[in-house]
Structure formats: C-alpha cells, structure tokens
Amino acid sequence: MNVSDTPVHRRGALRAGAGVALAGVLAAGCADRDAAGTPAGTVTDTVSPKNLADAATRPPSPNPAPGPHRFPGQPVQIDHGPRDHARVALTFHGQGDPAIARTVLAEAERAHARVTVLAVGSWLDQHPDMARRILDGGHELGNHTQHHTDISSMGEAEAYAEINDCAQRLRRLTGSIGTWFRPSRARNATPLVQRLAARAGYPHVLSYDVDSLDFTSPGAAAVTRKVAGEIRNGSVVSLHFGYADTVAALPLLLTEIDRRRLRAVTTTELLT
C-alpha cells in the first residue's frame, strides 16, 4: 500500500480539502441565493386534531429521557462551555418542517456529532414523533417555550405558562421536562424569566456565544462564514430547524469542526 493511502494520510487530505472548500465558501459570500436573489425560507405546518390528540394521550417512553442538570460554579444563564476543551455544542431551535429537521439530524449523525434541540411545544403537538427521533439519535432535547412568542414582554403568569406548558409536553412524550430551557425570541433571559424557569425545574437557562443568523435566510455561504469565523473551544452555536440554508451549510460546518479537531457534543456533555 502506498503511504499516501493510509487512513492517517487520507484523513489529513480530507481536512486539507475541507479547508480549501471553506475558503471558497468564505470568498463566495452570499452567492448561493437563487437566481432571483430570494433566500430560502421556512415551511410552516398546520395542526391537525389527530396530532393534538396523539400528543395529549401518548404515554411517556419506558426509559425516561435525561432531565436538567445543575452545574456548580456555572451562572444561571450559560452561553458557552469551558475554553480549555476542544468541544463545541450545536444547538437547534426546534420548529419548522419535520422533513428538514430529520435531514439536519441525519447529517449530524453521519458526522458522529450530537446536538441539542430546544423544541417548541406547539411543534411537538404537531409532530410528536420528533421527540423520540431526536433522542434515539443520541441527541438531547430541551424546552423552547410552548408557542415561540416574545417571552420577555409577557407578564409573570403568561411567561410561566409558556415554559411550563412546553415542559409538560416534553414530560408526556419522553418522561422528562428535558435537559435545558431557552427563552423564545430572546438571546438572553430576563431576571423574571430566569426565576420562572427555575420554578419550572430548570436550574440554568441556555444562551449561546455564536449566532449563525440562519433564520434570516442569508444563504448557506453566509451561515458557514459566520459560524466558522466565530466558533472556538467551548462555543455554543445557535442554529434552527426549518431553514434550507442550515441544511446546505451543515455538512461543511461539520467538516470544518472536524478539521479544527473539535468535537460536536451535546450541551450537557460540553459542561460535564
């Protein structure tokens, strides 16, 4: 066997190729919009009475999903993990077309990456099987409020209902309220929302230090450029299900993470 064909050299060639590909993407900017210049958007779903009934009556898994963890020494609001470990957490806002969500999960699994999904409760009402799909892929599942409205502008009772209603959806579907809570329509939780999350059972609120801006549909090249330019040891990256740009950018992002000898792990793993 030629030495250039050994696994070590092949892996090095792949990493080098990824670096060349990433450089091309960074130079391309937003050139991957369609011919009319229109960015890809989300696909919205309607709620069927059958799905709502299934979500309300479905028994929890016989093996309950993991619940929240308290991390001593960490603040209530966490936006990154340790900077001295070569690990990152890719976190996804769980909403949108379930076909796109499944594609994102499959891409992550092909790269042996585990992700954190913060699911919207009304999305789980529409697609209750997605909760088990996420967990069965080795990923973790958390709470992103029931309706994904502006929780920072709500009064105490309404905001608590948004958190708790989603928590109870998760409990019915998985036997657990999920590992994390992330506020809707806000990068950071207000002090009131932090207190309400703690009341609902979440000792920490999950923020992030890298915002992909994929929800603005800037094109896959722009998503890749934004994340690759900011990600480092301990980063928590904000991404979204339901956007075609995210699907297009993810394979190259995962390759770039590997090229930098980082590991994509769940947020719980990042902090453990």
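Conventions used here
Residues numbered from 1 in each chain as written. Predicted model: local features only at pLDDT ≥ 70, side-chain atom pairs only at ≥ 80, totals over all residues. Heavy atoms only, no water. Helix = DSSP H or I, 4+ residues; strand = E, 2+ residues; numbered from the N terminus. Expected span 1.5 Å × (residues − 1). Buried < 20%, exposed > 50% of the residue type's maximum accessible area, 1.4 Å probe, protein only. Contact = heavy atoms within 4.5 Å. Polar contact = N/O pair within 3.5 Å; in protein donor to acceptor, adjacent residues only side chain to side chain. Phe/Tyr/Trp six-rings, centres within 6.5 Å; stacked < 30°, edge-to-face > 60°. Lys NZ or Arg CZ within 6 Å of the ring centre and 35° of its normal. Core = buried A, V, L, I, M, F, W, Y, C linked by side-chain atoms within 4.5 Å. Axes fitted to C-alpha atoms, helices over the stretch in contact; angles between N-to-C directions. Parallel < 35°, antiparallel > 145°, perpendicular 65-115°, else oblique. Left-handed = near helix turned anticlockwise from the far one by under 90°. Nonpolar A, V, L, I, M, F, W, Y, C, P; charged D, E, K, R; others polar.

(A) Just helix H3 (residues 98-110), in detail. An ideal rise of 1.5 Å per residue puts 18 Å on 13 residues; H3 measures up with 18 Å between its terminal C-alpha atoms. When H3 is considered as a whole, its buried residues turn out to be Pro98, Ile100, Ala101, Val104, Leu105, Glu107 and Ala108. Next to the buried residues of H3 lie strand S2 (87-94), strand S3 (116-119), helix H4 (121-126), helix H5 (129-136) and helix H9 (244-259). Measuring from the backbone nitrogen of Ala99 back to the side-chain oxygen at the start of H3 gives 3.0 Å, which picks out Asp97 as the cap.

(B) The packing of aromatic side chains, seen in detail. Per the counting criterion, the structure on display carries four aromatic pairs. On the numbers, 6.0 Å between centres and 40° between planes, the contact of Phe181 with Tyr202 is tilted. Pair noted here: Phe181 is in the loop between helix H6 (156-174) and helix H7 (191-200) and Tyr202 is in the loop between H7 and strand S5 (205-206), with a separation of 21 residues, a long-range link. On the basis of relative accessible area, Tyr202 is assigned to the buried category, the value being 1%. An aromatic cluster of at least three residues, connected via ring pairs, comprises Phe92, Trp123 and Phe241. One Lys or Arg, Arg199, reaches over the ring of Tyr160 and ends 4.8 Å from the middle of that ring.

(C) Here's a closer look at the nonpolar core. Within the largest apolar cluster, 54 residues are counted, with the highest numbers of intra-cluster contacts made by Leu90, Phe92, Trp123, Ile163 and Tyr202. Counting residues in hydrophobic clusters, the runner-up holds 11 residues, among them Phe71, Leu118, Val265 and Leu271.

(D) Representation of the packing of H6 against H7. Between H6 and H7, the least distance of the axes is 9 Å, while the angle of their chain directions is 50°. With respect to their mutual orientation, H6 and H7 come out oblique. Crossing of H6 against H7: the hand is right-handed. Between H6 and H7, the contacting residues are Glu156, Ala159, Tyr160 and Ile163 on the first element and Leu192, Val193, Leu196, Ala197, Arg199 and Ala200 on the second. Residues that form the contact of H6 with H7 fall into these classes: eight nonpolar, no polar and two charged.

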